[in-house]
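Letter by letter, the chains look like this.
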Amino acid sequence: MVARSDAADLAKRINRIEGQVRGIGKMIAEDRYCIDILTQVSAVQSALDALARQLLEHHLHGCVRHAIDSGNGEHAIEEALSVIRKFGR
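Quick caveat: nothing in here was measured; it's all calculated off a predicted structure.

Undergrad: Describe in detail the overall build of the protein, supporting the description with residues and values.
TA: For the protein, the helix and strand inventory stands at three helices and zero strands. Mapped in sequence order, the helices and strands of the protein form the string α-α-α. Relative to a compact globule of 89 residues, whose C-alpha radius of gyration would be 12 Å, the protein shows 17 Å and is clearly more extended. Dimensions of the protein along its principal axes, counting C-alpha atoms only, are 55 × 30 × 15 Å. A buried classification covers 15% of the 89 residues belonging to the protein. The contacts of the protein with a sequence gap of at least 6 include a subset with a gap of at least 24, amounting to 51%. Computed over 12 positive and 12 negative side-chain charges, the separation of the two mean positions in the protein equals 4 Å.

Take a look at the structure:
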């Protein structure tokens, strides 16, 4: 579960990312310079990576810690490692 204060921060981040993606769509529709569009795509990728890191950190400190404390840590650790591997590709 994501804490209410964390959820508000995450919502702000995702709204900002949505705006960036819409901006890229507008740039494409306006036939803007490719390098400018690619620069914005890179910014969105960086923003999504930061969001993923924040979510992973929350998951490790909250969900995984809780699973370990309740005796289900091995599964939670394997699940987290699986997700981490996806981001390492």
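Back to the text.
Undergrad: Could you give an account of helix α1 (residues 4-29), with specific residues and numbers?
TA: Side chains three or four residues apart in an α-helix point the same way, a direct result of the helix having 3.6 residues per turn. Given a rise of 1.5 Å per residue, 26 residues ought to cover 38 Å, and the 37 Å separating the end C-alpha atoms of α1 matches this to within 8%. Where the residues of α1 are buried, they touch α2 (34-69). Following α1 by one or two positions, aspartate 31 has its phi on the positive side, about 55 degrees.

Cut-offs applied
Residues numbered from 1 in each chain as written. Predicted model: local features only at pLDDT ≥ 70, side-chain atom pairs only at ≥ 80, totals over all residues. Heavy atoms only, no water. Helix = DSSP H or I, 4+ residues; strand = E, 2+ residues; numbered from the N terminus. Rg over C-alpha atoms; globule rule 2.2 N^0.38 Å. Buried < 20%, exposed > 50% of the residue type's maximum accessible area, 1.4 Å probe, protein only. Contact = heavy atoms within 4.5 Å. Lys, Arg positive; Asp, Glu negative; His and termini not counted. Charge placed at Lys NZ, Arg CZ, Asp CG, Glu CD. Expected span 1.5 Å × (residues − 1).

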